[in-house]
Amino acid sequence: MSPALRATAGPQSRAIVVGAGIAGLSATVALRRAGWDVSVLERSRFKNEIGAAITVPPNATMVLDRWGFDAEKAQGVPNIATSGYEAATLECFLYEEFTDIAEAMGAASWSFHRVDLHRGLRALAEAAPRPGEGEVDIQLGIEAAAVNCEEGIVTLRDGEQVQADLVVIADGAHSRLIESFTPNPTTVVHTGRSIYRWLVSMDDVLADPALRALYDPATTLPGFKRYREPVNDVLWVTYTCRGERMLNNAVVHPTQPGEGGGDEDQWHSAVAPEQVLAMLEHFHETPRKIVGLANEDGIKVHRLFKRPALDSFVRGRAVVVGDAAHVMLPTHAAGGAIAIESAAALEVLMRGVDGRDGEVMKRRLALFDRLRLPRCNLTMLASNAGPPWLAVPGVEEEVRKYYDGPLPPAGCLPWTSEFREALFHHDAYRVAEEMLARD
Ligand SMILES: Cc1cc2nc3c(=O)[nH]c(=O)nc-3n(C[C@H](O)[C@H](O)[C@H](O)COP(=O)(O)OP(=O)(O)OC[C@H]3O[C@@H](n4cnc5c(N)ncnc54)[C@H](O)[C@@H]3O)c2cc1C
């Protein structure tokens, strides 16, 4: 018997989660808290854990807090300011502090090294269950090939089949399982943009007097610092992570010939510093120095994709979450956060449910769609529009198909107050509990 077949044994409500990224692990933590047993099938063996950093805003840290995620242990750095500079002159065009974000929105905003966030989530998923919680079994090196959504059957790459009361599809932006899930257009489209990413020791940054003037923690609040350069159409975003000992760098730029390889995630494609410096030719010499300080992992390049919005995240006994459900550009640094929000909704809606009761499952999953389509599709469409936002023809009309709340005005930049309010001021537990109470 394949170890995966354990998913079919016993009387407890059971879920199979495909993919153990941020979305899959978050759904796993949520479902076990709701009393479900969960089998996680993950294709990789996590030998090369993904580097670089991730910002987690209050809509998601509120959920992590409830789960007991230890942000201090994960060496989180508060993200409490955003600033923007013209790349050539370093003239400041934007500065906002939001040191009160935790009080204003009910939870803090953190930046983590991705490995630290991922390990923290995995530890929560695999911790000994408390009374009322389900059991979790994470199996690495197992690839799902297809899913029969109506029956809750997952077919593995070797042809074996496993069945559960709920299948959570969390296989990322290049999801294969989405083909079994929806008749909608499913192909991800390369946006023509790619991203250079690397980490730098803050000791090295601060050893340089000119860089110290930009990044000195004694005079600078931690958060986003971005440089925009219109000639080559480049946006470089930096922020600190891992206890402020590392500086994360992300340079969004037009994809150059040979960058990024095939369609699959290319987090591990290396790029030469000379190529990055060529793209940054119009930048002021001070931030350009950061390219030469890349740590031992070097600089990686990753192509950016998008996909049209889905009209439903639910089919039969399957639900799709994370990048598999909403492929987006990193404009608002919000894709992982919205997946954590979706997990909170699953927790509320699946709590105390007998997964074999088809009618109850159908009703609860319909509620999941009502809760998550507006939030996820707003976040995705805002991210994919980029900074021009509502100035992009058709974007407002598309957003209004899913979301009827207030929208930040055209010209509003990522992480400024209106976007923080629209995207990150959200209590997913409260909203789900209220919807459930009304049902
Ligand atoms: C440059 C960049 C910066 C970003 N910054 C932020 C940020 O600051 N804040 C934020 O909230 N979000 C950010 N995001 C978005 C965030 O990283 C993603 O939304 C998030 O990582 C998606 O997680 P996921 O679990 O859906 O997908 P993935 O992380 O792609 O996980 C999918 C998992 O499924 C596994 N898998 C795939 N296929 C199969 C299969 N057939 N069978 C079994 N397993 C399978 C994969 O091995 C993988 O482990 C950023 C994204 C990018 C590209």
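Cut-offs applied
- Here the residue numbers are simple positions, counted from 1 along each chain's written sequence.
- The predicted origin of the model limits local features to residues at a pLDDT of at least 70 and limits the giving and counting of side-chain atom pairs to 80 or more, whereas totals for whole chains, interfaces and linings rest on all residues.
- Only heavy atoms go into the side-chain values, all of them from the structure, while hydrogens and water stay out.
- Runs of E in the DSSP output that reach at least two residues are strands. Runs of H or I that reach at least four are helices, and both are numbered from the N terminus.
- For the radius of gyration, the atoms used are the C-alpha atoms, and the globule rule reads 2.2 Å times the number of residues raised to 0.38.
- Each residue gets one of three labels from its accessible area relative to the maximum for its type: buried under 20%, exposed over 50%, partly exposed in between, using a 1.4 Å probe on protein chains only.
- Using a 1.4 Å probe, the Shrake-Rupley method yields the accessible areas, and only the shown protein chains count as cover for residues.
- Counted as positive: Lys and Arg. Counted as negative: Asp and Glu. His and the chain ends are not counted at all.
- For the purpose of locating charges, the reference atoms are NZ of Lys, CZ of Arg, CG of Asp and CD of Glu.
- Any two strands are treated as partners once DSSP identifies two or more bridges connecting them.
- Axis lines are fitted through C-alpha atoms, for helices just across the contact stretch, and the angle between N-to-C directions can take any value from 0 to 180 degrees.
- We call a residue near a molecule or strand whenever a single non-hydrogen atom of that residue lies within 4 Å of it.
- Here a polar contact means two N or O atoms within 3.5 Å. Within protein one must be a hydrogen donor candidate and the other an acceptor candidate, and residues neighboring in sequence count only if both atoms are side-chain atoms.
- Two residues qualify as a contact provided that any one of their heavy atoms is within 4.5 Å of a heavy atom in the partner residue.
- When two cysteine sulfur atoms are found within 2.5 Å, that pair is recorded as a disulfide.
- Ring pairs shown here join Phe, Tyr and Trp side chains whose ring centres sit within 6.5 Å, with only the six-membered ring taken for Trp; geometry is labelled stacked below 30 degrees between planes, edge-to-face above 60, and tilted in between.
- We call a charge positioned above a ring when the Lys NZ or Arg CZ atom is no farther than 6 Å from the ring centre and deviates by at most 35 degrees from the ring normal.
- Here the bounds of each domain stem from an automatic or database domain assignment.
- As a working definition, buried area equals the accessible area (1.4 Å probe) given up by two parts on being put together, with both sides summed.

Under an unreviewed UniProt entry, the protein chain has the name FAD-binding domain-containing protein and belongs to Schizothecium vesticola.

Novice: Explanation requested: the overall build of the protein chain in the structure shown.
Specialist: Within the protein chain, the secondary structure is distributed over 14 helices and 20 strands. Compactness check: the protein chain gives a C-alpha radius of gyration of 21 Å against a globular reference of 22 Å for 439 residues, within 12% of the reference. Evaluated residue by residue, the protein chain yields a buried proportion of 57% over its 439 residues. Surface exposure of the protein chain reaches about 17700 Å², of which carbon and sulfur atoms provide 51%. In the protein chain, which carries 44 positive and 59 negative side-chain charges, the distance between the mean positions of the two groups comes to 3 Å.

Novice: Whenever I open this one, the sheet that holds strand 5 (residues 81–86) confuses me. Can you help?
Specialist: The strands that make up a sheet are held in pairs by hydrogen bonds between backbone atoms, and each pair lies either parallel or antiparallel. Taken together, eight strands build an open sheet; the order of strands is 6-5-14-15-16-13-18-17 and the sheet is mixed. Edge positions in the sheet fall to strand 6 (92–97) and strand 17 (269–271), since each of these pairs with one other strand and no more. Between one strand axis and the next, the sheet turns by 25° as a mean value, whatever way the strands run. Judged from the five bridges that link them, strand 14 (residues 224–229) and strand 15 (residues 234–241) form a sheet pairing that is antiparallel. Note on strand 15: the bridge partner recorded for Tyr 227 is Trp 236.

Novice: Even after reading the chapter, I still don't get the pairing of strand 18 (residues 299–306), so can you show me in this structure?
Specialist: The element strand 18 is extensively covered by neighbouring structure, given that six of its eight residues are classed as buried. Pairing geometry for strand 13 (residues 189–201) and strand 18, over six bridges, is antiparallel. Residue pairing across strands places Arg 197 opposite Lys 300, the latter belonging to strand 18. Two elements, strand 17 and strand 18, share three bridges in a ladder whose sense is antiparallel. Each bridged residue has a counterpart across the sheet, and for Ala 270 the counterpart in strand 18 is Lys 300.

Novice: Could you clarify how one ought to interpret the site of the ligand in this entry?
Specialist: Close contacts around the ligand come from 31 residues, with Glu 42, Thr 55, Ala 144, Asp 323 and Ala 337 the closest. For the ligand, a nitrogen atom lies 2.7 Å from a polar atom in the backbone of Thr 55. At a separation of 2.6 Å, an oxygen atom of the ligand approaches a polar side-chain atom of Asp 323. Relative to its free-state accessible area of 1000 Å², the ligand is covered by the protein chains to the extent of 89%. Only helix 1 (22–33), strand 2 (37–42), strand 3 (53–56), strand 13 and helix 10 (335–350) provide two or more residues apiece to the shell around the ligand. Looking at the shell around the ligand, the element that brings in the most residues is helix 10, giving three residues.

Novice: It is not clear to me how the environment of Gly 106 should be interpreted in this structure. Could you clarify?
Specialist: Mapped onto the fold, Gly 106 is located in the loop between helix 3 (101–105) and strand 7 (110–113). Given a relative accessible area of 53%, Gly 106 falls into the exposed group. Note: C-alpha distance between Gly 106 and Ala 123 (17 residues apart in sequence) is 24 Å. Ignoring anything within four residues of it in the chain, the contact list for Gly 106 reads Met 62 and Ile 101.

Novice: How do you make sense of unusual backbone geometry when you look at a structure like this?
Specialist: One can expect most non-glycine residues to show negative phi and most peptide bonds to be in trans. Phi at Trp 389 is positive, roughly 50°, even though this residue is not glycine. Along the chain, Trp 389 turns up in the loop between helix 11 (358–385) and helix 12 (395–400). Here Trp 415, not a glycine, exhibits a phi torsion of approximately 70°, which is positive. Here Trp 415 shows up in the loop between helix 12 and helix 13 (417–424).

Novice: Hey, could you run me through the sheet that holds strand 8 (residues 136–140) in this one?
Specialist: Strand order in this open sheet of six strands is 8-2-1-12-20-19, and the pairing throughout is mixed. Single-partner strands in this sheet number two, and they are strand 8 and strand 19 (314–315).

Novice: Explanation requested: the state of the cysteines in the structure shown.
Specialist: Put plainly, a disulfide is one covalent bond tying together the sulfur atoms of two cysteines. Tallying each qualifying case throughout the model produces zero disulfides. Here Cys 149 stays free of any disulfide, with the sulfur of Cys 376 as its closest cysteine sulfur at 17 Å.

Novice: Please clarify how the packing of aromatic side chains should be interpreted in this entry.
Specialist: In this description, a pair of aromatic rings is defined by centroid distance and the angle of the planes. Per the stated rule, a full pass over the model turns up 11 aromatic pairs. An angle of 45° between the planes, with centres 5.5 Å apart, marks the rings of Trp 198 and Trp 236 as tilted. One end of the pair, Trp 198, is in strand 13; the other, Trp 236, is in strand 15, with 38 residues separating them in the sequence. For the pair formed by Trp 198 and Trp 236, the shared burial category is buried. Taken together, the aromatic side chains of Tyr 85, Trp 198, Tyr 227, Trp 236 and Phe 283 make up a single cluster linked through ring pairs. For the cation-ring pair, Lys 225 lies above Tyr 215, with the distance from its terminal atom to the ring centre recorded as 5.3 Å. Between Arg 228 and the ring centre of Phe 93, over which it is positioned, the NZ or CZ distance is 3.5 Å.

Novice: Whenever I open this one, the domain arrangement of the protein chain confuses me. Can you help?
Specialist: A common way to express how large an interface is: the accessible area buried when the components associate. Under the domain assignment, the protein chain is made up of domain 1 (3–77 + 107–187 + 308–438) and domain 2 (190–306). Taking only C-alpha atoms, the centre of domain 1 and the centre of domain 2 are 28 Å apart. In this complex, domain 1 contributes 27 residues to the contact, which on the side of domain 2 involves 24 residues. Contact between domain 1 and domain 2 buries roughly 2200 Å² in total, counting both sides, with carbon and sulfur atoms accounting for 60%.

Novice: Please clarify how the environment of Ile 195 should be interpreted in this entry.
Specialist: Locating Ile 195 in the fold gives a position in strand 13. C-alpha separation for the pair Ile 195 and Val 321, spaced 126 residues apart in sequence, amounts to 24 Å. With residues near it in sequence (within four places) discarded, Ile 195 still touches Ala 250, Val 251, Val 252, His 253, Lys 300, Val 301, His 302, Leu 304 and Pro 330.

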